[in-house]
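Chain by chain, the residues:
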Amino acid sequence: MGVPIRKRVCALGVAGALVSMYAYHVEHAMARDPFYEPSCVTRWGSCASVFSSDYAHLLSHWGLVARKSSLDYSLASLGFFNYAVFALFPVWPLSKPTAAKFLLAVSAASCLFSVYLLYVLKVILKDFCIVCTTFHVINFSMFLFCALPNYRSRGKGKTA
């Protein structure tokens, strides 16, 4: 038998939280030092240009909060909290079926958000960001791990 889903979800959550902390570090290092060159800048694209764009602070970009306000969280900050929810999945105080449904809903929402951010990255910003790509891979993997058990359990009840 393979690794339990809860351990996979927890591992992906921890990985996402770590990548979020790196993105947060890059954002703050660029704010302190205009000559800072993050290691995520490649010949294919630059995480620095993505993290310094208006889209890095979506709440203010969408007009939901004032720019530079205390509620103007960066995507890295919001991502950390999202991935912390996944990392803490094994200790959620919910029944197993409720937790599975909630996890599926949160991972589906993360995937939809990733689709939006992929559109922004490729169509609007016309850039590539390895850190962003890592987030998207984690989100889609999380959804796969959450949806697969539901898909498999539905197939067991059917007869040919």
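Before reading further, recall that the structure is shown in the block above.
It should be emphasised that the depicted structure is a prediction, and the values quoted were computed from it without experimental measurement. (Residues numbered from 1 in each chain as written. Predicted model: local features only at pLDDT ≥ 70, side-chain atom pairs only at ≥ 80, totals over all residues. Heavy atoms only, no water.)

A. Representation of the nonpolar core in the model. In terms of nonpolar packing, the biggest core is built from 28 residues, with Val9, Phe51, Phe86, Leu103, Cys129 and Val131 touching the most fellow members. Of all the elements in the fold, those that place two or more residues in this core are helix 1 (5-32), helix 2 (47-51), helix 4 (75-87), helix 5 (96-124) and helix 6 (130-156). Ranked by the residues each element gives to this core, the list is headed by helix 1, at seven residues. Setting aside anything within four residues of it in sequence, one finds Phe51 in contact with Ala23, Val26, Glu27, Met30, Ala56, Cys129, Val131 and Cys132. (Core = buried A, V, L, I, M, F, W, Y, C linked by side-chain atoms within 4.5 Å. Buried < 20%, exposed > 50% of the residue type's maximum accessible area, 1.4 Å probe, protein only. Helix = DSSP H or I, 4+ residues; strand = E, 2+ residues; numbered from the N terminus. Contact = heavy atoms within 4.5 Å.)

B. Region of interest: the state of the cysteines. Using the criterion set out here, one finds one disulfide in the structure. Between the sulfur atoms of Cys40 and its disulfide mate Cys47 the distance is 1.5 Å. The disulfide joining Cys40 to Cys47 has a torsion of about 50° about its S-S bond and is therefore right-handed. With respect to class, Cys40 is no different from Cys47; both count as buried. In this structure Cys10 is not part of a disulfide, and its nearest cysteine sulfur, from Cys146, lies 12 Å away. What makes Cys10 partly exposed here is its relative accessible area of 23%. (Disulfide = S-S within 2.5 Å.)

C. Looking closely at the pattern of salt bridges. Applying the stated rule across the entire model yields two salt bridges. Within this structure, Asp54, Arg67 and Asp72 form a network of salt bridges that share partners. (Salt bridge = Lys/Arg side-chain N within 4 Å of Asp/Glu carboxyl O.)

D. Spotlight on the packing of helix 4 against helix 5. The interhelical angle for the contact between helix 4 and helix 5, taken along N-to-C directions, is 155°, at an axis separation of 11 Å. Judged on the interaxial angle alone, helix 5 and helix 4 are roughly antiparallel. Helix 4 and helix 5 meet at a crossing whose hand is left-handed. Touching Leu75, Asn82 and Phe86 of helix 4 are Leu103, Val106, Ser107, Ser110, Phe113 and Leu117, all from helix 5. Grouping the constituent residues of the contact of helix 4 with helix 5 by class yields six nonpolar, three polar and no charged. (Axes fitted to C-alpha atoms, helices over the stretch in contact; angles between N-to-C directions. Parallel < 35°, antiparallel > 145°, perpendicular 65-115°, else oblique. Left-handed = near helix turned anticlockwise from the far one by under 90°. Nonpolar A, V, L, I, M, F, W, Y, C, P; charged D, E, K, R; others polar.)

E. Focus on the packing of aromatic side chains. This model, assessed by the stated rule, comprises seven aromatic pairs. Pairing Tyr83 with Phe86 gives two aromatic rings, centres 6.4 Å apart and planes at 45°, and the pair type is tilted. Residue Tyr83 and its partner Phe86 are located together in helix 4, separated by three residues, close to a single helical turn. Note on Tyr83: relative accessible area 3%, which makes it buried. Between Trp92 and Phe102 the ring centres are 5.2 Å apart and the planes differ by 65°, which places this aromatic pair in the edge-to-face class. With Trp92 in the loop between helix 4 and helix 5 and Phe102 in helix 5, this residue pair connects regions lying ten residues apart in the sequence. Given the relative accessible area of 15%, Trp92 is considered buried. Joined through ring pairs, the aromatic side chains of Trp62, Phe113 and Tyr116 make up one cluster. (Phe/Tyr/Trp six-rings, centres within 6.5 Å; stacked < 30°, edge-to-face > 60°.)

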